[in-house]
Amino acid sequence: MPLTPLTVPLPVPLNDPSRPFFGAEHSTDLHPGHTHILGFGFDGTACFRKGTREGPDGLRAVSEDIESYSPYLDADLEDQSFYDLGNLRLGFDDDEEKQWHHAVHDFNAIFDSVDLAQEKIKLLTLGGEHSISYAPIVKYLRQYPDMVLLHLDAHADLRDGFLGYHYSHASIIRRSVDHFGPGHELIQYGIRSGTRDEYQWMKEHKTIRSSRKDFLDSVEAIAKDRPVYLTLDLDYFDPSFLPGTGTPEPGGEDFHSFVSLMKLLRQKNLVGADVVELSPQIDPTGNSDVFAAKIVRELLLVLQQSGA
């Protein structure tokens, strides 16, 4: 069945990006068969160090200063066609919770009526704190009843609300699991901080992987055509590599562990992803921005290649 063209403009206005991510075309259209970048710069529930609202444009700002070619995947963004939609608006209310709900409402206005599977549309959402992942994850869970949610993070994010916020950055996985059906699966790796209750939950539900080998083996075992969504909190990486994040935790992973995952996911059906918790102002060297931009480069290449 041929793809159905989507008529645009988008039903709600977005803020233009500071510049499109390197190689992307800024667009107010959704393009069947392509990957789209969307920014959601919000940090209202951040409980330690704020600044992630600058993450989406921070990533874009350095993207033209890295090579478009990935030697790890032997692929080049210059050979790809993908689009940057800009950033969701937070509205004009000073109440941070209302800002989050405003942006989520606009996200739903754009995507609720879009059949991502039929139109072969993939979405890469850039945060922002981890609570911004709620809207895309829920959309994908509704779209794909057999989806695997891969959660890379230093924190379990399974609290039932935190500091008065039901949709807190510390609750994103708990809020996502609220929408799980019988065919959904959660795999978590990199977790090294959480409450006793969170660890008991992960052990009871067998979601946590305690070693890199166990994690990569679990990914390799996913059926080739089964949809996979990746939610990546950048504090998954050790702060010695990426200090520019709001809640750093020692003992994290390195870039090459992520490359190992990308090589596996290229052979799977990666349908969407988000990258969150970059806070450019925390790392004045700019090294964290470059590190994160290269992560986004690898993800864009894999999104374009996987599931083909």
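Residues numbered from 1 in each chain as written. Predicted model: local features only at pLDDT ≥ 70, side-chain atom pairs only at ≥ 80, totals over all residues. Heavy atoms only, no water.

- Labelled according to an unreviewed UniProt entry, the chain appears under the name Agmatinase, originating from Idiomarina ramblicola.
- One UniProt comment on the chain, placed under Sequence similarities (unreviewed entry), says "Belongs to the arginase family. Agmatinase subfamily." (UniProt positions renumbered as here; feature names shortened; annotations may be inferred.)

1. Brief notes about the pattern of salt bridges
- All told, the structure shown has 13 salt bridges when counted by the stated rule.
- Between arginine 60 and aspartate 84 there is a salt bridge; the shortest N-O distance is 2.8 Å. With arginine 60 in helix α1 (residues 55-63) and aspartate 84 in strand β5 (residues 82-87), the pair connects residues that are 24 residues apart, well separated along the chain.
- Exposure remark for arginine 60: the relative accessible area of 0% places this residue in the buried category.
- Classification of aspartate 84 by relative accessible area gives buried; the value is 0%.
- Residues aspartate 160 and arginine 174 are paired through a salt bridge, measuring 3.7 Å at the closest nitrogen-oxygen approach. Here arginine 174 lies in helix α5 (residues 172-177) and aspartate 160 lies in the loop between β7 (148-152) and α5, a separation of 14 residues in the sequence.
- Judged by its relative accessible area of 47%, aspartate 160 is partly exposed.
- One continuous salt-bridge network, built from bridges that share partners, spans Asp160, Arg174, Arg175 and Asp178. (Salt bridge = Lys/Arg side-chain N within 4 Å of Asp/Glu carboxyl O. Helix = DSSP H or I, 4+ residues; strand = E, 2+ residues; numbered from the N terminus. Buried < 20%, exposed > 50% of the residue type's maximum accessible area, 1.4 Å probe, protein only.)

2. Re the packing of aromatic side chains
- The final tally for this structure, using the stated rule, is 12 aromatic pairs.
- Consider the rings of phenylalanine 237 and phenylalanine 258, whose centres lie 6.0 Å apart with planes at 65 degrees: the pair is edge-to-face. Taken together, the positions of phenylalanine 237 in the loop between β10 (227-233) and α8 (255-265) and phenylalanine 258 in helix α8 put the pair 21 residues apart, joining distant regions of the chain.
- The buried category is assigned to phenylalanine 258, whose relative accessible area is 0%. (Phe/Tyr/Trp six-rings, centres within 6.5 Å; stacked < 30°, edge-to-face > 60°.)

3. A word on the side chain of serine 63
- Locating serine 63 in the fold gives a position in helix α1.
- When its relative accessible area of 0% is taken as the criterion, serine 63 is described as buried.
- Reaching out from serine 63, the side chain makes a polar contact with the backbone nitrogen of phenylalanine 22 at a distance of 3.0 Å.
- The residues touching serine 63, leaving out its near neighbours within four places in the chain, are Pro20, Phe21 and Phe22. (Polar contact = N/O pair within 3.5 Å; in protein donor to acceptor, adjacent residues only side chain to side chain. Contact = heavy atoms within 4.5 Å.)

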